[in-house]
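Each chain is listed here by its residues.
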Amino acid sequence: MSFHTAVAKGGKIKNPVFLLIFSKHSVNRPPTPDAAEDQGKEPTLQEIINIKLIESGEKERLMELLRERLIDCGWKDEMKALCRAYIKKKGRNNVTVDDLVHLITPKGRASVPDSVKAELLQRIRTFLMSAAL
């Protein structure tokens, strides 16, 4: 089971590093299906779990835990340094958000400590057991 974050609201990215690394489809995202296509379609297990996480407020608690753990282990500073080095190398006016996404997404995902992933996975499992899904 993968863990991904909520999307930016209103097209504005509140925390781009966090969003870019943990948004499941942050790079080359497929188009959003039309509402008409979704009618009559049963939700997948992943969609049901996501809805339950959001409704219970657990998703926000997991997000906060993840933010804390990534800051504590220095991951956020590491990603920020990668971005700054890339911007310095290419020149401030020659870098787009897409460039940064393509640069840090694979590195960021690969560098999340296993202990952080394990802790989040355990919390999700505990939630699922208590929600009887």
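See the structure above.
Overview of the structure. Just so we're clear, the structure is a prediction, and the values are computed from it rather than from any experiment. (Residues numbered from 1 in each chain as written. Predicted model: local features only at pLDDT ≥ 70, side-chain atom pairs only at ≥ 80, totals over all residues. Heavy atoms only, no water.)

**Section: the overall build of the protein**
Along its length, the protein carries 7 helices and 0 strands. For the protein, the N- to C-terminal ordering of α and β elements is α-α-α-α-α-α-α. Across the protein, contacts joining residues at least 24 apart in sequence account for 69% of those joining residues at least 6 apart. When the accessible area of the protein is evaluated, it comes to approximately 9,300 Å², of which 54% is carbon and sulfur surface. (Helix = DSSP H or I, 4+ residues; strand = E, 2+ residues; numbered from the N terminus. Contact = heavy atoms within 4.5 Å. Areas by Shrake-Rupley, 256 points an atom, 1.4 Å probe, with all protein chains shown as cover.)

**Focus on the packing of helix 4 (residues 58-72) against helix 7 (residues 114-131)**
Running from amino to carboxyl end, helix 4 crosses helix 7 at an angle of 165°, the nearest separation of the two axes being 10 Å. One way to sum up the angle between helix 4 and helix 7 is to call them roughly antiparallel. Note that helix 4 runs across helix 7; the crossing there is right-handed. Residues Glu58, Arg61, Leu62, Leu65, Leu66, Arg69 and Leu70 of helix 4 form the contact with helix 7, whose own contacting residues are Val116, Glu119, Leu120, Arg123, Ile124 and Phe127. Split by residue class, the contact of helix 4 with helix 7 holds 8 nonpolar, no polar and 5 charged. (Axes fitted to C-alpha atoms, helices over the stretch in contact; angles between N-to-C directions. Parallel < 35°, antiparallel > 145°, perpendicular 65-115°, else oblique. Left-handed = near helix turned anticlockwise from the far one by under 90°. Nonpolar A, V, L, I, M, F, W, Y, C, P; charged D, E, K, R; others polar.)

**Concerning helix 4**
Taking 1.5 Å as the rise per residue, helix 4 with 15 residues should run 21 Å; its terminal C-alpha atoms sit 21 Å apart, in good agreement. Along helix 4, the positions that sit buried rather than exposed are Glu58, Lys59, Leu62, Met63, Leu65, Leu66 and Leu70. The buried residues of helix 4 occupy one face: seen down the axis, they fall within an arc of 165°. Among the exposed residues of helix 4, those pointing more than 90 degrees away from its buried face are Glu60 and Asp72. Downstream of helix 4 by a residue or two, Gly74 has a phi angle that is positive, lying close to 85°. (Expected span 1.5 Å × (residues − 1). Buried < 20%, exposed > 50% of the residue type's maximum accessible area, 1.4 Å probe, protein only. Arc of directions from axis to C-beta.)

By themselves, these figures tell us nothing about what the structure is for.
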